[in-house]
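The chain contents come next:
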Amino acid sequence: MKKLAISFVTFNRAKHIKEDLDIIAQPTKDLNIDIYIYDGSTNGFSEYVVNKFLKEGNNHIHYFHMINVSSKERVSNALHCPEAEYVWLCGDKFVIKPEYYSQILSYIDKSYDIITIYGNILNGTKKFNNPVDFVDYAIVPITHFGSTIIKKNLIDSFSVRKSINKNPSFGVQSVYLEAINNCKKFKGIVIDGGNQINIKSFYNTKSVSQSYMWDSWVIDWYKFIDMLPSSYNTIKDNLYNRPDLHMGFFNIKELLRQRSEGQFDWKKYIKCRKYSKKVIIMPWIYVFGISILPQNIAKKCMNLK
């Protein structure tokens, strides 16, 4: 069994898969890291890309074209099926550069339960023996597919499908946080990789969550934090607005973009009011004001045609 498997979930993004494999195929082969790709594409482009790498002798790449299979099924397979001690679940956009892989493997050799790597918002690399302290520091990085490596046996007893059914946006993260909460002798580390640790894509592909900010990062985020095990109660109030605090998801510019795209209006604001008061930092009067702004005015404010 391999020490580590990088497990991709992708859908109709052959260009991103090619970008990723161009950079990581050889380094992962050299370091004895397997790559698993769970592809829900409705075309054969990603399969064509992967087959080119397989023909070049990259037998550490395992490809599964799971057409007409739900995304939660693919995510579940990506977490539970790889034959490795640790699993590293990735999307196809946020992929860590290979120069960090040896460092990650060194912490795997030290039997850390969970390893998170990120940059920008962190204040240095830190080790933890308490899952609550770990989550308080690492909550934003953990939300990104591609930032977290976890011992596979910690999550084997959890149903990812059920967790995603409860919370479509953060079902995987719920599993991670419940799993480490059950550790008797917890060891976690957050690696501060600096400003640019991920592979920079040439393609500006919008993520799904960017198109559903209020559903994902207001409603689902609030419910995710609210449903955490009771052991996290001491930090919950600090976690509700952490994404907005560190990533500015609901500053004026972003709210105008969301309004201009029709993502939210006054009805959405009223529906989400009990959540947004904790999740969004900006005073409610400004948020409400943008919610009632005519969509064409919001577009002009964003300099959109």
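How each quantity is defined
- Residues numbered from 1 in each chain as written.
- Predicted model: local features only at pLDDT ≥ 70, side-chain atom pairs only at ≥ 80, totals over all residues.
- Heavy atoms only, no water.
- Pairing = 2+ DSSP bridges.
- Helix = DSSP H or I, 4+ residues; strand = E, 2+ residues; numbered from the N terminus.
- Axes fitted to C-alpha atoms, helices over the stretch in contact; angles between N-to-C directions.
- Buried < 20%, exposed > 50% of the residue type's maximum accessible area, 1.4 Å probe, protein only.
- Phe/Tyr/Trp six-rings, centres within 6.5 Å; stacked < 30°, edge-to-face > 60°.
- Lys NZ or Arg CZ within 6 Å of the ring centre and 35° of its normal.
- Salt bridge = Lys/Arg side-chain N within 4 Å of Asp/Glu carboxyl O.

Caption draft 1: Quick look at the sheet that holds strand β1 (residues 2–10). An order of β3-β2-β1-β4-β7-β5-β8-β6 is seen for the 8 strands of this open sheet, with the pairing classed as mixed. Whereas interior strands pair on both sides, the edge strands pair on one side only; in this sheet they are β3 (61–65) and β6 (126–128). The average undirected angle you get between the axes of adjacent strands in this sheet is 15 degrees. Note that strand β4 (residues 84–90) and strand β7 (residues 148–151) share 3 bridges and pair antiparallel. Counterpart to Y86 in the pairing with β7 is K151.

Caption draft 2: Region of the structure containing the pairing of β1. The buried fraction of β1 amounts to 7 of the 9 residues, a majority that puts the element mostly inside the structure. The sheet contact formed by β1 and β4 spans 6 bridges and is parallel. Among the inter-strand pairings, A5 is bridged to a residue of β4, identified as V87. Taken together, the 6 bridges between β1 and strand β2 (residues 34–39) define a ladder with parallel strand orientation.

Caption draft 3: Local environment of the packing of aromatic side chains. Tallied over the entire structure, the rule returns 20 aromatic pairs. Aromatic rings pair up to connect F170, W217, W221, F224 and F249 into one cluster. In this structure, K187 is placed above the aromatic ring of Y112, and the distance from its NZ or CZ to the ring centre is 4.6 Å.

Caption draft 4: Highlighting the pattern of salt bridges. Using the criterion set out here, one finds 12 salt bridges in the structure. Between D156 and K152 there is a salt bridge, with its nearest N and O atoms 4.0 Å apart.

Caption draft 5: Region of the structure containing unusual backbone geometry. For N12, which is not a glycine, the phi torsion comes out positive at approximately 55 degrees. Its identity is not glycine, yet N32 carries a phi of approximately 65 degrees, on the positive side. Among the secondary structure elements, N32 is positioned in the loop between α1 (14–30) and β2. Overall, the relative accessible area of 46% leaves N32 in the partly exposed class.

What is shown is where atoms sit, not what they do.
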